[in-house]
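A structural walkthrough
Letter by letter, the chains look like this.
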Amino acid sequence: MYLEIWALPDQLRDSVIRNNVSSQGGGLALISLTATIVNTIIDGNTASIIGGGVFAQAGSLTCESCDIGHDIGNQSEQGGGMLLQAGQAQIHTSRIRNNTATQSGGGIDVFGTATLNLSHSLIEGNSALGGGGIQVSGDLVLSNSTLSVNSASQGGAIAFDADGTLQANHVTISDNTANFGSALFSLTVMTEIEMSNSILSGSCLYDASVMNSLGGNVESPSNSCHLGAGTNDRVNVNIFSLLLFDLADYGGPTRTHAIGRGSVARDNSVCTRGCAL
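Before going into details, it helps to say that this report is about the structure given with it. It should be emphasised that the depicted structure is a prediction, and the values quoted were computed from it without experimental measurement.

The space that makes up the largest pocket amounts to roughly 510 Å³. Around the largest pocket sit 27 residues that line it, and H170, T172, T256, H257 and I259 are the ones nearest its centre. Of all the secondary-structure elements, those providing two or more residues to the lining of the largest pocket are strand 22 (139-148), strand 25 (165-174) and strand 34 (256-259). Residue contributions to the lining of the largest pocket peak at four residues, all from strand 34. Of the residues assigned to the lining of the largest pocket, the class counts are eight nonpolar, 16 polar and three charged.

Set out below in C-alpha cells:
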C-alpha cells in the first residue's frame, strides 16, 4: 500500500508514513501538483523501481523539518529516499538518512530536468551503487548543509550523470566512502560544479574543467577536486590542520561537523554573488 496523490491539502503536517510498498513512491507518489510536507517522518517504505520514500513527478514539492529515513530507511532501485523527476523541490531543515538504492541516488535522485534546492539539511548514512547521498542528472543547489557517512561504488556523497549541475555554498562533505570519488564523482565533461565556502574531506574523480571555484573552499587531504583557483581556497590540508569534529549535535537544525578552534577553515569564507562584507 502507498499514497498516490493527485490533490493534496495545503500541507501534510505532523505525520508518519511508514512500511508501505509500491513500484514507484513507496511512501508517497506526488503527481503534477504543489505539495508542502512539514515535520513528517517517511520511513521503512519500499519501491521496486523508483522513489522508495517519495516519488515526485513535475509540480512543486516543499519539505520542511522532514525525516526521510529515520530509523529503518527507505529503499528502491533509484532514489532510495526520494526521486524527483522534472519539476522543482525545496528541502529545508530536514534529514535524509539510512536510505538505500540498488542503482542510483541512495538518499535522493535528482533526475532528468528536476531542480532541487536543499538547505540547512543533513544527508547521512545513505548507500547506492552510484551517488550514495545524491545522484544528479538535473540541477542541485546546496547551502548550509552536510553530507556525511554515505557510501557507493561511485560518488560516495554525490555522483553526476549526463549534464547534472551543482551549486554549493557553505556545504560540508566528509566521512563518505566509495571506490571512486568518496566526495564527488563524474565521468562526463558536461557536468558543471560551482563551489564556495565549503569543506571537501575525501576524494573527487572528474575532469578538472567541470569545477568552478568561487573561493573560500578547503580540501583535505589532497587536491583531487581541482580547487585552488578561488580566493582563500586551501588544498592539500591535513586532518590536523582541518580539525573537523565528528558528526554530532552542535545546536543547529540537524547534526553536522563542527570546526575546531585553530582550523584553517575558520574565518575563511569569501563573499559570493553580490554579498556585502
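Now that the structure is up, let's keep going.
Within this structure, the stated rule accounts for one cavity of 30 Å³ or more. Of all the elements in the fold, those that place two or more residues in the lining of the largest cavity are strand 10 (60-64) and strand 14 (88-92).

Quick look at the state of the cysteines now. The tally for this structure, following the rule as stated, stands at one disulfide. Sulfur of C63: no disulfide; nearest cysteine sulfur belongs to C66 and is 4.0 Å away.

Oppositely charged side chains are able to pair whenever their charged atoms sit close together. This model, assessed by the stated rule, comprises four salt bridges. In this structure, the salt-bridge partner of R18 is D43, at a minimum N-O distance of 3.9 Å. In this pair, R18 is assigned in strand 3 (residues 16-18) and D43 in strand 7 (residues 41-43), connecting sequence segments 25 residues apart. Judged by its relative accessible area of 1%, D43 is buried. Here E124 ties to R255 by a salt bridge, and the two come within 2.4 Å at their closest N and O atoms. Of this pair, E124 sits in strand 19 (residues 122-124) while R255 sits in the loop between strand 33 (244-248) and strand 34, placing them 131 residues apart in sequence. Given the relative accessible area of 33%, R255 is considered partly exposed. Residues joined by salt bridges that share partners form a network here, namely D67, R95 and R97.

The rules we used
- Residues numbered from 1 in each chain as written.
- Predicted model: local features only at pLDDT ≥ 70, side-chain atom pairs only at ≥ 80, totals over all residues.
- Heavy atoms only, no water.
- 1 Å grid on protein atoms, 1.4 Å probe; cavity = no way out; pocket = protein on both sides within 12 Å on 5 of 7 lines; lining within 4 Å.
- Points joined across faces, edges and corners; volume = space filled by probe spheres on them.
- Helix = DSSP H or I, 4+ residues; strand = E, 2+ residues; numbered from the N terminus.
- Nonpolar A, V, L, I, M, F, W, Y, C, P; charged D, E, K, R; others polar.
- Disulfide = S-S within 2.5 Å.
- Salt bridge = Lys/Arg side-chain N within 4 Å of Asp/Glu carboxyl O.
- Buried < 20%, exposed > 50% of the residue type's maximum accessible area, 1.4 Å probe, protein only.

Spatial relationships are all this shows, so hold off on functional conclusions.
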